[in-house]
Amino acid sequence: MKFLSLSFLALVGFNVIVWQGVIERNTKDPLAVHFLDVGQGDSELIVFPDGVKVLIDGGPSKEILFELGEVLSPTDRYIDLVMITHPQLDHYGGIKDVIERYQIGAFIFNGEEGAGDAWDEFKKELREREIPIIVLGEGDKIKYGDREINILSPTVELLAHRDLNEGSLVAELVGDGIKALFTGDIGLTAEAVLLEKYDMDIDVLKVAHHGSRYSTGMDFLDETTPLISVIGVGENNFGHPTEATLQRLSRLGSTTYRTDENGRVSLIIEDGKVGVKTKMGN
Amino acid sequence: MPLHDKAFYFSLFFIIGTLAAGFDLRIWWALLGALLISKIFFSLSTKRTLIFTVVCFLGFFYLHFYDVLHKDVIPLGEDARFGGVIVEEPREGIDSTRVTVKLNEPHKGEVWLYTSPGTTLEYGEEITFEGSVEISPGGVNVISYPGELEVVGEGKGSSIRGALIGLKNVLIAKLEAVLPAEHAALASGLLLGERAEFTDEFEEAMRNSGTTHIVALSGYNIAILVLAISGIFSYLWNRRVAFYLSLLIIPGFVVMTGAAPSVIRAGIMGLILLLAENQSRPFSPRNAIVLTALGMILLDPRIGVDDVGFQLSFAALLGIIYLYPFLEKKFNIQNEGFLSWKKNALQAASAQIAVLPIILSTFGFFSPVALISNVLILEFIPVTMLLAFITTILGFVSFHLSLIMGWISSVFLGYEIFIIKFFGLSWF
């Protein structure tokens, strides 16, 4: 009796997963950008329609694993590209745990070495797992089908800037009728360089440096005019996100989400239309 | 009076003595209590009553003696430089890492260091650091974010324990490689008692739903393990070999998982059960429980008073052994019902009733939904443990086989997590 009822339940369970897999495979998911809730730090996951994944930054800790566990299907253990914008712990701390548990196609960074034991340990881990390391900078491009990730920064000068933040990799995702900009922790200096060199009109902005007052200036916003802005932020002592930045965003009329209040923010993108899903209330 | 009765009473009154001392009872009250229990409750002769009252006094004395020997020498609330050895595996949580350090001379005692998440520290390393010690609400010495932390030596711990911890981490890594983070955390908790990666919300959900005891390695899991191991071994070889192998594996497992009181208790009970079976003697749960408690209390008499895990573990066991048969008769269970829900419900109820006073006095709340959540989960725990175990073992053979098995385990883990979270919502 006991054996029978257990096997019955097990069979029902198998059916559920098998069919779930079939159904998932048949529908082509649209392009998705997830702003993961990793506490005080940044982490964004881009999932292309056929499942190719690009992870930008990993937050400070293991928290990212729980986010990935919820976003990815249980058997999905491969991330094509993992990129960190700059070598600071609130951006790469969780990546160490990611490479321990997921298989990674390649690791991308701006070439600037971080400080301290944690960074050395991190690089050692990358080498031991034989993950290819790629250095990208201004002008580089990642192309996948008709979608592109353009690297707009850092320039050589910005990379040499004494503030690590200004040397962040800035990536622009172009595809499915939208442009999304991932800014790492850049400040006003790098923003000025970007404005000078590029047409910066975009639709979605990952607000730089967790909403610091020294980033996301009015000039930058006037040019970029993002309809949707997302701030990766958690409990912190820096006053992030600052009132100044929040006001600038609201003056522009940009719909602003923040991971400390909204939890994970997922953008589903199809033909220039963006659907927004948040984990917690709006 | 037969020897096993003498052993029982001796242990019991000794434990009563340490508990009385631990709860700061006056010695006269403690002795009076012992007299009354012995004379009225157990109806022992006057001579024996006197003897066991003296035993109770010995227990009372033992705790105070132990306290004097183990008094902490730690400056509180002022910055100081410390040196010490890491005596437990650093617990890498999500927001912080906890490192347990046994201090060197001139200080004495243990402190918990909380550092930023992620660490390179390991069990058995000797470190120096600066900080100011504070006492946590739970009565533990704590330093948050110690400064100038340096490793000055290694290999100061037990090498066997170090190796077992290494083995445990390899096993957990195999689970983590194929399971989503939350599922991997639960599977590691079930199999190996690793709780570091339970999120605060999940711990709270377990408390609220009254499921902490099944999903975080406890007597229940050890019992499953003992049965499985001796079953497999007696199938592979003969009962004799199985017996000796189990004798080795159980203590190893207890040490590997960090030797929490509930695990030690279950481990010792498991060993006694094995011994009794091997010697073909009747297994007396009464003596097994009391002797286990005595052994643990002799090692650390404070455990009975300070460690809620110890109290809950024994209370739940007493409930299942003494209350369950009573309830079973009362409700007159003929069949066990679908997925043995009647049996599980009654067992859960027995354990819950027995731990109720401790839960209420320690946590101030009680989970009224515990019965339902336990019934819904209990029956699936052994099969989940088995699947998770196969997943880890396959991890050594082939990633993809392990991935498939992990997928199957995930169905059960996902179901259990759902139930825990659902019943963990604030219902009242």
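One can find the structure itself at the top, above this paragraph.
It should be emphasised that the depicted structure is a prediction, and the values quoted were computed from it without experimental measurement.

Participant: Tell me about the pairing of strand β3 (residues 97-103) of chain B, and name the residues and values.
Facilitator: Every regular strand shows the same layout, with side chains that alternate between the two sheet faces. All names here are of chain B. With respect to burial, β3 is a largely interior element, six of its seven residues being buried. Hairpin geometry of strand β2 (residues 91-92) and β3 is characterised by an intervening segment of four residues between the two adjacent antiparallel strands. Sheet topology note: the β3/strand β4 (residues 110-115) ladder contains six bridges and is antiparallel. Opposite Thr97, over in β4, you have Thr115 as the bridge partner. Connecting β3 to the next strand, β4, in antiparallel fashion are six residues, including Gly109 with a positive phi near 125°.

Participant: Please give an account of the nonpolar core that cites residues and values.
Facilitator: Ranked by size, the top nonpolar core spans 45 residues in total, and within it Leu179(B), Leu192(B) and Phe202(B) carry the most contacts. A per-element tally of this core places helix α5 (residues 181-192) of chain B first, with seven residues. Formed by 29 residues, the second largest nonpolar core is a distinct cluster that contains Leu31(A), Leu136(A), Leu173(A) and Val204(A).

Participant: I'd like to hear about the packing of aromatic side chains, residue by residue, with values.
Facilitator: Within this structure, the stated rule accounts for 26 aromatic pairs over all chains. Ring centres of Phe109(A) and Trp119(A) lie 6.0 Å apart, and the angle between their planes is 40°; this geometry places the pair in the tilted category. You can see Phe109(A) sitting in strand β5 (residues 103-109) and its partner Trp119(A) sitting in helix α4 (residues 116-128), a full ten residues away along the chain. Taken as a pair, Phe109(A) and Trp119(A) share a single burial class, namely buried. Arranged with centres 5.1 Å apart and planes meeting at 80°, the rings of Phe41(B) and Phe42(B) form a pair that is edge-to-face. Of the aromatic side chains, those joined through ring pairs into one cluster are Phe8(B), Tyr9(B), Phe13(B), Phe41(B), Phe42(B) and Phe52(B). Positioned above the aromatic ring of Phe396(B), the side-chain terminus of Lys174(B) is 5.0 Å from the ring centre.

Participant: Requested: an account of the packing of helix α10 (residues 261-278) of chain B against helix α11 (residues 285-299) of chain B, with residues and values cited.
Facilitator: All names here are of chain B. α11 packs onto α10 with a crossing angle of 130° between their chain directions and a minimal axis gap of 10 Å. When the interaxial angle is binned, α10 and α11 end up oblique. Considering the relative orientation of α10 and α11, their crossing is right-handed. Of α11, the residues touching α10 (which contributes Pro261, Ile264, Arg265, Ile268, Met269 and Ile272) are Ala288, Ile289, Thr292 and Met296. By residue class, the composition of the contact of α10 with α11 is eight nonpolar, one polar and one charged.

Participant: Break down the interface of chain B and chain A for me, citing the residues and quoting the values.
Facilitator: At the interface, 26 residues of chain B touch 21 residues of chain A. For chain B, the biggest contributors to the area lost against chain A are Ile94(B), Ala181(B) and Trp407(B); these three give 22% of the whole. Linking chain B to chain A there are three salt bridges. Viewed at the interface, chain A and chain B are joined by seven residue pairs in polar contact (both at pLDDT 80 or more). Elements that contribute at least two residues to the side of chain B that touches chain A include exactly α4 (159-178), α5 and α17 (399-424) of chain B. In terms of residue count, the dominant contributor to the side of chain B that touches chain A is α17(B) (six residues). For the side of chain B that touches chain A, the class distribution of residues is 15 nonpolar, five polar and six charged.

Rules behind the numbers
- Residues numbered from 1 in each chain as written.
- Chains lettered and ligands numbered in written order.
- Predicted model: local features only at pLDDT ≥ 70, side-chain atom pairs only at ≥ 80, totals over all residues.
- Heavy atoms only, no water.
- Buried < 20%, exposed > 50% of the residue type's maximum accessible area, 1.4 Å probe, protein only.
- Helix = DSSP H or I, 4+ residues; strand = E, 2+ residues; numbered from the N terminus.
- Pairing = 2+ DSSP bridges.
- Core = buried A, V, L, I, M, F, W, Y, C linked by side-chain atoms within 4.5 Å.
- Phe/Tyr/Trp six-rings, centres within 6.5 Å; stacked < 30°, edge-to-face > 60°.
- Lys NZ or Arg CZ within 6 Å of the ring centre and 35° of its normal.
- Axes fitted to C-alpha atoms, helices over the stretch in contact; angles between N-to-C directions.
- Parallel < 35°, antiparallel > 145°, perpendicular 65-115°, else oblique.
- Left-handed = near helix turned anticlockwise from the far one by under 90°.
- Contact = heavy atoms within 4.5 Å.
- Nonpolar A, V, L, I, M, F, W, Y, C, P; charged D, E, K, R; others polar.
- Buried area = accessible area lost by both parts, 1.4 Å probe.
- Salt bridge = Lys/Arg side-chain N within 4 Å of Asp/Glu carboxyl O.
- Polar contact = N/O pair within 3.5 Å; in protein donor to acceptor, adjacent residues only side chain to side chain.

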